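Single-letter residue listing:
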Amino acid sequence: MVPLEHYLTLSAILFATGTMGVFLRRNVITVLLSIEVMLNAVNVAFIAFGRALGSADGQVIMFFVVTVAAAEAAVGLAIVIALFRHRETLNPDVFTSLKW
Amino acid sequence: MVLFYLFGTVAVVASLLVVLQRNPMHSVLLLIVSFVALAGLYILLDSPFAAVIQIIIYAGAIMVLFLFVVMLLNAHKEDDPPAGSLTAGGPLRIGAVLAVVLTAELIWALVRAEGTRDGLLAGGAGADPGTLGSVRELGRVLFTDYAFAFEVTSILIIVAMVGAVVLAKREL
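Okay, so let's go over this structure. These figures come from a predicted structure and were not determined experimentally.

Turning to the nonpolar core, a few remarks are in order. Within the largest apolar cluster, 63 residues are counted, with the highest numbers of intra-cluster contacts made by Y7(A), I29(A), L90(A), M63(B), F66(B) and L73(B). Where this core is concerned, the elements lending two or more residues are α1 (4–24), α2 (28–53) and α3 (57–87) of chain A together with α1 (2–20), α2 (24–44), α3 (48–73) and α6 (135–144) of chain B. If you tally residues by element for this core, the top one is α3(B), at 12 residues. Setting aside chain neighbours within four positions, we find Y7(A) in contact with V2(A), V44(A), A48(A), F4(B), L41(B), L44(B) and L45(B).

Next up, the structure:
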């Protein structure tokens, strides 16, 4: 049996990877993908804790996280399409004004 | 044990490549690899339902949405950074260093917690895994203890759906 700490370490590494992606990338779509990596890291932690504590709550919360991720992806990508239409670019540095 | 390290390595390497990749198309496909590896981890954790929704919803639905947008916008390559921009060169590396610091910090916190808790959570201490991972038990918890959260989630999805349609319309 793999100890819980290993799962949590994996979760921490994945979360930091996602954070790095948000800082490093100059493409709005990849930034959204990095956020998905971070959400998945949290899911791993939830499921590992649920398993270790012997409760189904971890899986239920993972279910909610997936739902929120789906909603976030839908709205986020719609915003990306709207931005692309106005600026013809995906570089987040270009989107500096709130109104055009 | 071996499977854990196999899936864990695949997930970490794929996620790193997602982040270090310049082509969004490759990023999306590598992220699917990472998700499949994580689904394998969920099966090792006696959570087959989580593994299945990870594959169907995440790797299936959400990633197809991303792929669709990448293809629609024809975004095959990232723009080169404009000279003197905040994200060009040096400052960019500070972000990567900060991410490494974050990893070290999180692992340090875990190591400390390990000491104080002396192995209480050392894996599989709870109920027998058969009932824990069953969809019946999961459904019971979801529709009794978490009934309110479940209903709120449905409202969230409707709002997201309407929001996406409004945002993606021709005239914003």
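Here the narrative resumes, following the displayed structure.
The subject of this paragraph is the packing of α1(A) against α2(A). All names here are of chain A. As a packed pair, α1 and α2 sit with axes 8 Å apart at the nearest point and diverge in direction by 165 degrees. Here α1 is positioned roughly antiparallel relative to α2, judged by the angle of their axes. At the point where α1 passes α2, the crossing takes the left-handed sense. Here L4, Y7, L8, L10, S11, L14, F15, G18, T19, G21 and V22 of α1 come into contact with α2, specifically with V31, S34, I35, V37, M38, A41, V42, V44, A45, A48, F49 and A52.

Here we come to the packing of aromatic side chains. Applying the stated rule across the entire model yields seven aromatic pairs over all chains. Consider the rings of Y7(A) and F4(B), whose centres lie 4.6 Å apart with planes at 65 degrees: the pair is edge-to-face. Placement of Y7(A) in helix α1 and of F4(B) in helix α1 is noted, with the two residues assigned to different chains. Pair check on accessibility: Y7(A) and F4(B) agree, each one buried. Their ring planes at 65 degrees and their centres at 4.8 Å tell us that F143(B) and F150(B) sit as a pair that is edge-to-face. Residue F143(B) is classed as exposed on the basis of its relative accessible area, which comes to 51%.

Here is what the cut-offs are and how they apply
- Residues numbered from 1 in each chain as written.
- Chains lettered and ligands numbered in written order.
- Predicted model: local features only at pLDDT ≥ 70, side-chain atom pairs only at ≥ 80, totals over all residues.
- Heavy atoms only, no water.
- Core = buried A, V, L, I, M, F, W, Y, C linked by side-chain atoms within 4.5 Å.
- Buried < 20%, exposed > 50% of the residue type's maximum accessible area, 1.4 Å probe, protein only.
- Helix = DSSP H or I, 4+ residues; strand = E, 2+ residues; numbered from the N terminus.
- Contact = heavy atoms within 4.5 Å.
- Axes fitted to C-alpha atoms, helices over the stretch in contact; angles between N-to-C directions.
- Parallel < 35°, antiparallel > 145°, perpendicular 65-115°, else oblique.
- Left-handed = near helix turned anticlockwise from the far one by under 90°.
- Phe/Tyr/Trp six-rings, centres within 6.5 Å; stacked < 30°, edge-to-face > 60°.

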